[in-house]
Amino acid sequence: MTERGPQQPGGWTSPGWTKPGAGPEPEPAQAPPPQAPPPQAPPPQAPPPQAPPPQAPPGWGGPPPYGAPPDGAPPYGGPPPSGQQYGRQEYGAPPGWGGPVAGAPRPGVVPLRPLGLGELLDGSVGVVRRYPRPTLGLSVLVALVSTALGVLLLLLLPDGLFSAAGTSQDLADAQLGGALVGAVGTVLVTGLAGIVLAGVITVVVGRAVLGQPMSTGEAWRAVRPLLGRLVGLALVTGLVVVGALAAGVLLALLSYTLAGPPGLVLGVPLGIAGGIAGGYLYVRLSLAAPALVLEKVGIREALRRSGVLVDGSFWRVLGILLLAALIAGVIGQVLQAPFVFLGGGAGLFTGSTDVSLTSLVLAQIGAGVAQTLTAPFTSGVRALLYVDRRMRAEGLDVALAAAAAAPRP
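In this text, all values refer to a predicted model and were calculated from it rather than measured experimentally. (Residues numbered from 1 in each chain as written. Predicted model: local features only at pLDDT ≥ 70, side-chain atom pairs only at ≥ 80, totals over all residues. Heavy atoms only, no water.)

Chemist: What is the right way to read the overall build of the protein chain from this model?
Modeler: Helix and strand content of the protein chain: 12 helices and zero strands. Along the protein chain, helices and strands appear, N-terminal first, in the series α-α-α-α-α-α-α-α-α-α-α-α. Sorting the 409 residues of the protein chain into buried and exposed places 38% on the buried side. When contacts within the protein chain are restricted to residue pairs at least 6 apart in sequence, those whose partners lie at least 24 apart make up 74%. A total of about 23100 Å² of accessible surface is found on the protein chain, and carbon and sulfur atoms cover 67% of it. (Helix = DSSP H or I, 4+ residues; strand = E, 2+ residues; numbered from the N terminus. Buried < 20%, exposed > 50% of the residue type's maximum accessible area, 1.4 Å probe, protein only. Contact = heavy atoms within 4.5 Å. Areas by Shrake-Rupley, 256 points an atom, 1.4 Å probe, with all protein chains shown as cover.)

Set out below in structure tokens:
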């Protein structure tokens, strides 16, 4: 039997195999040791979550934190795109074209639709009732400061100023002098404090429309960065309105001085024209403060926004402002009546013509008590009137309803 030598494995290509007798058989090549796989780069990690940027109060000066406005709705911090108007709603319009919406949502003090006169007045009272601390609390503080300053000035007046000397003319002069001196020193403080109060109440109204809670500290922190602009806006508005009135009066006086009585033919119409111009400018700029606070814009833009919102509804805005002022005046007189009676009204029954320091001090206190309740009411009406004009002209009710319905985080 023929002996067979080693055979090459069939079909393999073994590099270390040789025939017999061809020399020492080399050691079979060893396979290289398995190498560790090359290190792989770690998978990219997601960046750490970042805190969301600070956002404005929902529904006003920027995207709301509780959901974006629906498609087609205007931005929350300004007017709709050029050439478009969303949801223009006026009472008395044909069905489907902007009349009162039945079953409109009401998450806060007013329904989210164009407001009627009664809803504006009732909503202002509702803001004070639902948020007493940031409204009445600050109003009491303002009234205390102004009243204390007025009483202090009255105490520094000479006693002879309050002596009536037994004649009705002296009585009138003493009353007028005491009232003027006591009022001049409080105008600046009361005016500045009133500006702050109006800004805080506007912030509260912005939350009250959506039914969201708000503390006094939150209201103050929201309005504090805007105090400089609010004061500047009040100064500009006052200069414009008073300047128009003063121009008419000065032209009338100049006409009378140059031409005598015949100059009244021209002077009286000039004076009336100045009064009309001042009233028109006051109404046209009446919504500038709410626009500045809720939209967080500058003074010039706030004045422009007020003019845009009042345009087309001048007489309605004028009527609501006059009615609110009339209601506040009546309430103020009712609240001051007991103090006036205690201080000097009893003299009507006794025949006394003396004006005492006590009567003027009590009158100042009564004015402070009246201001505590009337100032939040008038400021709330003006802020709600701004909301109403934006819902009518810009469809803000759609955006606010979306912000109120979206779930809060």
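Still to come is the rest of the account.
Chemist: Please clarify how the pattern of salt bridges should be interpreted in this entry.
Modeler: Side chains bearing opposite charge may pair, as long as their charged atoms lie close to each other. The final tally for this structure, using the stated rule, is eight salt bridges. As a salt-bridge pair, glutamate 119 and arginine 113 come within 2.5 Å of each other at their nearest N and O atoms. Arginine 305 is the partner of glutamate 295 in a salt bridge, and the nearest nitrogen-oxygen pair spans 2.9 Å. One end of the pair, glutamate 295, is in helix α7 (residues 288–295); the other, arginine 305, is in helix α8 (residues 299–310), with 10 residues separating them in the sequence. Both residues of the pair, glutamate 295 and arginine 305, belong to the buried class. Among the ionic contacts, a cluster of salt bridges with common partners joins Glu295, Arg305, Arg390 and Glu394. (Salt bridge = Lys/Arg side-chain N within 4 Å of Asp/Glu carboxyl O.)

Chemist: Please clarify how the packing of helix α5 (residues 227–259) against helix α6 (residues 264–284) should be interpreted in this entry.
Modeler: Running from N to C, α5 and α6 cross one another at 180 degrees; their axes reach a closest spacing of 7 Å. The orientation of α5 relative to α6 falls into the category roughly antiparallel. Facing α5, whose interface residues are Val240, Val241, Ala244, Leu245, Gly248, Leu251, Ala252, Ser255 and Tyr256, α6 presents Leu264, Leu266, Gly267, Leu270, Gly271, Gly274, Gly275, Ala277, Gly278, Leu281 and Tyr282. Classifying every residue of the contact of α5 with α6 by side-chain character gives 13 nonpolar, seven polar and no charged. (Axes fitted to C-alpha atoms, helices over the stretch in contact; angles between N-to-C directions. Parallel < 35°, antiparallel > 145°, perpendicular 65-115°, else oblique. Nonpolar A, V, L, I, M, F, W, Y, C, P; charged D, E, K, R; others polar.)

Chemist: I'm lost on the environment of leucine 138 in this one. Help?
Modeler: Examined against the element boundaries, leucine 138 turns out to sit in helix α2 (residues 132–155). Given a relative accessible area of 18%, leucine 138 falls into the buried group. Considering only alpha carbons, one finds leucine 138 and alanine 193, 55 residues apart in sequence, at a separation of 9.3 Å. Setting aside chain neighbours within four positions, we find leucine 138 in contact with Arg133, Val196, Leu197 and Val200.

Chemist: Would you mind showing me how to read the packing of aromatic side chains here?
Modeler: Counted according to the given criterion, the structure contains two aromatic pairs. Between phenylalanine 314 and tryptophan 315, the aromatic rings sit 5.2 Å apart at their centres with planes inclined by 85 degrees, giving edge-to-face as the arrangement. An aromatic cluster is defined as three or more aromatic residues linked by ring pairs; in this entry it consists of Tyr280, Phe314 and Trp315. (Phe/Tyr/Trp six-rings, centres within 6.5 Å; stacked < 30°, edge-to-face > 60°.)

Chemist: I would appreciate a short explanation of the packing of α5 against α7 in the present structure.
Modeler: Relative placement of two packed helices is described by the angle separating their axes and the distance separating the axes. Where α5 meets α7, the closest approach of the two axes is 10 Å, and the angle between their N-to-C directions is 165 degrees. By the angle between their axes, α5 is roughly antiparallel relative to α7. α5 and α7 meet at a crossing whose hand is right-handed. Taking contact as the criterion, the partners of Arg229, Leu230 and Leu233 in α5 are, on α7, Ala288, Ala289, Leu292 and Val293. Here the contact of α5 with α7 is composed, by residue class, of six nonpolar, no polar and one charged. (Left-handed = near helix turned anticlockwise from the far one by under 90°.)

Chemist: Looking at this structure, how should I read α7?
Modeler: Turn by turn, an α-helix covers 3.6 residues, leaving residues three or four places apart pointing in a common direction. Within α7, seven of the eight residues are buried, which leaves it mostly tucked inside the rest of the structure. Among the residues of α7, those classed as buried are Ala288, Pro290, Ala291, Leu292, Val293, Leu294 and Glu295. Lysine 296 lies just past α7 and shows a positive phi near 55 degrees.

Chemist: Would you mind showing me how to read the confidence of the model for the protein chain here?
Modeler: Here the protein chain averages 74 in pLDDT, and 63% of its residues register 70 or above. Ignoring residues within four places in sequence, the model shows residues 53–59, a span with pLDDT below 50, making 20 contacts including any to other chains. Contacts of residues 62–101 to residues separated by more than four positions or lying in other chains number 90 contacts, the stretch itself having pLDDT below 50. (pLDDT = per-residue confidence, 0-100.)

Chemist: Looking at this structure, I do not really get the nonpolar core. What am I missing?
Modeler: Formed by 59 residues in total, the largest nonpolar core has its most connected members in Val200, Val204, Val205, Val209, Leu292, Leu385 and Tyr386. With 10 residues, helix α3 (residues 168–208) is the largest single contributor of residues to this core. With sequence-adjacent residues up to four places away left out, valine 209 is seen in contact with Pro107, Gly108, Val109, Val110, Leu112, Leu384, Val387 and Leu400. (Core = buried A, V, L, I, M, F, W, Y, C linked by side-chain atoms within 4.5 Å.)

Chemist: Got a minute to help me understand α6 in this structure?
Modeler: For α6, which comprises 21 residues, the first-to-last C-alpha distance of 29 Å matches the rise-based estimate of 30 Å (1.5 Å per residue) to within 8%. Taken residue by residue, α6 has Gly267, Gly274, Gly278 and Val283 as its buried positions. Relative to the axis of α6, the buried residues are bounded by an arc of 165 degrees and lie together on one face. Every exposed residue of α6 that faces more than 90 degrees away from the buried side is listed here: Val265, Leu266 and Ile276. (Expected span 1.5 Å × (residues − 1). Arc of directions from axis to C-beta.)

Chemist: Help me understand the environment of alanine 291 in this model?
Modeler: Within the element layout of this structure, alanine 291 appears in helix α7. Taking the relative accessible area as the measure of exposure, alanine 291 reaches 0% and is therefore buried. Remark: the alpha-carbon pair of alanine 291 and leucine 309, spanning 18 residues in sequence, is separated by 9.7 Å. In contact with alanine 291, other than residues within four places in its own chain, are Lys296, Val297, Ala302, Arg305 and Tyr386.

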